[in-house]
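Residue-level structural notes
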Amino acid sequence: MLIRRAFLAAIFLAVLDATRLPAETPDKWTPLETLKYRPVSDVQISPDGKKVVYVVRDSVMESDKSEYRTQLWLSSSDGKDSLQLTRQPHGPREPRLIRDL
(Lines give C-alpha, C1' and ligand atoms only; values in the text may rest on other atoms or scores of the structure.)
Protein backbone atom coordinates (compact mmCIF):
# COMPACT_ATOMS: atom_id res chain seq x y z
CA MET A 1 0.00 0.00 0.00
CA LEU A 2 2.80 2.44 0.91
CA ILE A 3 4.66 1.69 -2.32
CA ARG A 4 1.48 2.30 -4.30
CA ARG A 5 0.92 5.64 -2.57
CA ALA A 6 4.54 6.69 -3.20
CA PHE A 7 4.20 5.70 -6.85
CA LEU A 8 0.99 7.72 -7.23
CA ALA A 9 2.59 10.72 -5.51
CA ALA A 10 5.60 10.55 -7.85
CA ILE A 11 3.31 10.49 -10.90
CA PHE A 12 1.28 13.36 -9.47
CA LEU A 13 4.39 15.48 -8.96
CA ALA A 14 5.73 14.69 -12.42
CA VAL A 15 2.44 15.79 -13.96
CA LEU A 16 2.38 18.90 -11.78
CA ASP A 17 5.89 19.85 -12.93
CA ALA A 18 5.02 19.08 -16.57
CA THR A 19 2.30 21.74 -16.46
CA ARG A 20 5.03 24.33 -15.97
CA LEU A 21 6.79 23.44 -19.25
CA PRO A 22 6.89 25.99 -22.07
CA ALA A 23 4.22 25.69 -24.74
CA GLU A 24 6.76 25.15 -27.51
CA THR A 25 9.20 22.27 -27.57
CA PRO A 26 12.56 22.37 -29.35
CA ASP A 27 13.17 20.39 -32.53
CA LYS A 28 16.17 18.64 -30.98
CA TRP A 29 16.96 17.44 -27.49
CA THR A 30 20.25 18.97 -26.32
CA PRO A 31 22.21 18.85 -23.06
CA LEU A 32 21.30 22.49 -22.51
CA GLU A 33 17.62 21.60 -22.89
CA THR A 34 17.87 19.10 -20.00
CA LEU A 35 18.88 21.92 -17.65
CA LYS A 36 15.43 23.48 -18.04
CA TYR A 37 13.77 20.56 -16.26
CA ARG A 38 13.64 20.20 -12.49
CA PRO A 39 13.89 16.53 -11.50
CA VAL A 40 11.88 15.41 -8.48
CA SER A 41 13.19 12.65 -6.21
CA ASP A 42 12.87 11.12 -2.74
CA VAL A 43 9.09 11.46 -2.59
CA GLN A 44 7.77 10.75 0.92
CA ILE A 45 4.12 10.64 1.92
CA SER A 46 3.08 11.67 5.41
CA PRO A 47 1.65 8.91 7.64
CA ASP A 48 -1.85 10.44 7.33
CA GLY A 49 -1.54 10.75 3.53
CA LYS A 50 -2.30 14.48 3.51
CA LYS A 51 1.19 15.85 2.77
CA VAL A 52 4.02 14.93 0.43
CA VAL A 53 7.63 16.02 0.89
CA TYR A 54 10.10 15.73 -1.96
CA VAL A 55 13.43 16.99 -3.29
CA VAL A 56 13.64 19.23 -6.37
CA ARG A 57 16.96 19.63 -8.18
CA ASP A 58 17.73 22.88 -9.99
CA SER A 59 20.58 23.51 -12.40
CA VAL A 60 22.68 26.58 -11.67
CA MET A 61 24.75 27.91 -14.54
CA GLU A 62 26.80 30.99 -13.71
CA SER A 63 29.97 32.41 -15.20
CA ASP A 64 32.17 31.03 -12.43
CA LYS A 65 30.32 27.77 -11.58
CA SER A 66 28.00 25.11 -12.81
CA GLU A 67 26.23 22.94 -10.25
CA TYR A 68 23.01 21.37 -9.08
CA ARG A 69 21.17 22.58 -6.00
CA THR A 70 18.60 20.52 -4.17
CA GLN A 71 15.77 21.91 -2.07
CA LEU A 72 12.98 20.39 -0.01
CA TRP A 73 9.38 21.04 -0.99
CA LEU A 74 6.16 20.21 0.85
CA SER A 75 2.84 19.82 -0.98
CA SER A 76 -0.65 18.81 -0.06
CA SER A 77 -1.50 15.42 -1.52
CA ASP A 78 -4.13 17.03 -3.74
CA GLY A 79 -1.49 19.36 -5.23
CA LYS A 80 -3.27 22.59 -4.34
CA ASP A 81 -0.63 23.89 -1.91
CA SER A 82 3.16 23.78 -2.31
CA LEU A 83 5.82 25.32 -0.13
CA GLN A 84 9.59 25.40 -0.58
CA LEU A 85 11.01 24.42 2.82
CA THR A 86 14.72 25.07 2.24
CA ARG A 87 16.73 27.73 0.43
CA GLN A 88 20.29 26.60 0.96
CA PRO A 89 23.19 26.37 -1.51
CA HIS A 90 23.56 22.69 -0.68
CA GLY A 91 20.19 21.46 0.43
CA PRO A 92 19.12 18.13 1.90
CA ARG A 93 18.76 15.01 -0.22
CA GLU A 94 16.73 12.41 1.67
CA PRO A 95 13.71 13.80 3.56
CA ARG A 96 11.75 11.56 5.90
CA LEU A 97 8.41 12.21 7.55
CA ILE A 98 7.60 10.76 10.94
CA ARG A 99 4.44 10.52 12.98
CA ASP A 100 3.91 13.06 15.73
CA LEU A 101 4.63 11.61 19.13
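The structure presented is a predicted model; accordingly, all values stated were derived computationally and were not measured. (Residues numbered from 1 in each chain as written. Predicted model: local features only at pLDDT ≥ 70, side-chain atom pairs only at ≥ 80, totals over all residues. Heavy atoms only, no water.)

Side note on the overall build of the chain
Test applied: Each helix is a run of H or I in the DSSP string that is no shorter than four residues. Each strand is a run of E no shorter than two, and both are numbered from the N terminus. Categorising residues by exposure relies on relative accessible area from a 1.4 Å probe, with only protein chains included: less than 20% of the type maximum marks a residue as buried, more than 50% marks it as exposed, and the intermediate range marks it as partly exposed. Residue burial considers only the protein chains on display, and all accessible areas are found by Shrake-Rupley using a 1.4 Å probe.
Within the chain, the secondary structure is distributed over two helices and four strands. Along the chain, from the amino end to the carboxyl end, the secondary structure elements read α-α-β-β-β-β. A buried classification covers 24% of the 101 residues belonging to the chain. Put simply, the chain shows about 7800 Å² of open surface, and 56% of that area lies on carbon and sulfur atoms.

Section: the nonpolar core
Cut-off, in case you're wondering: To form a nonpolar core, buried Ala, Val, Leu, Ile, Met, Phe, Trp, Tyr and Cys residues must be joined to one another through side-chain atoms within 4.5 Å. Two residues qualify as a contact provided that any one of their heavy atoms is within 4.5 Å of a heavy atom in the partner residue.
Counting residues in hydrophobic clusters, the biggest one holds six residues: Val43, Ile45, Val52, Tyr54, Val56 and Trp73. Counting residues per element, this core draws most heavily on strand 2 (residues 51–61), at three residues. Discounting chain neighbours no more than four positions away, the residues touching tryptophan 73 are Arg38, Val52, Val53, Tyr54, Val56, Ser82, Leu83, Gln84 and Leu85.

Remarks on the pairing of strand 2
For the record, the criterion: The pairing criterion is simple: DSSP has to find at least two bridges between the two strands.
Where strand 1 (residues 40–45) and strand 2 come together, four bridges link them in antiparallel fashion. Paired with isoleucine 45 across the bridge in strand 2 is valine 52. Where strand 1 folds back on strand 2, the antiparallel hairpin that results is connected by five residues, among which glycine 49 adopts a positive phi of roughly 80 degrees. Pairing of strand 2 with strand 3 (residues 66–76), which is carried by 11 bridges, proceeds in the antiparallel orientation. When the sheet's bridge partners are listed, valine 53 is paired in strand 3 with leucine 74. The hairpin formed by strand 2 and strand 3 contains four residues between the paired strands.

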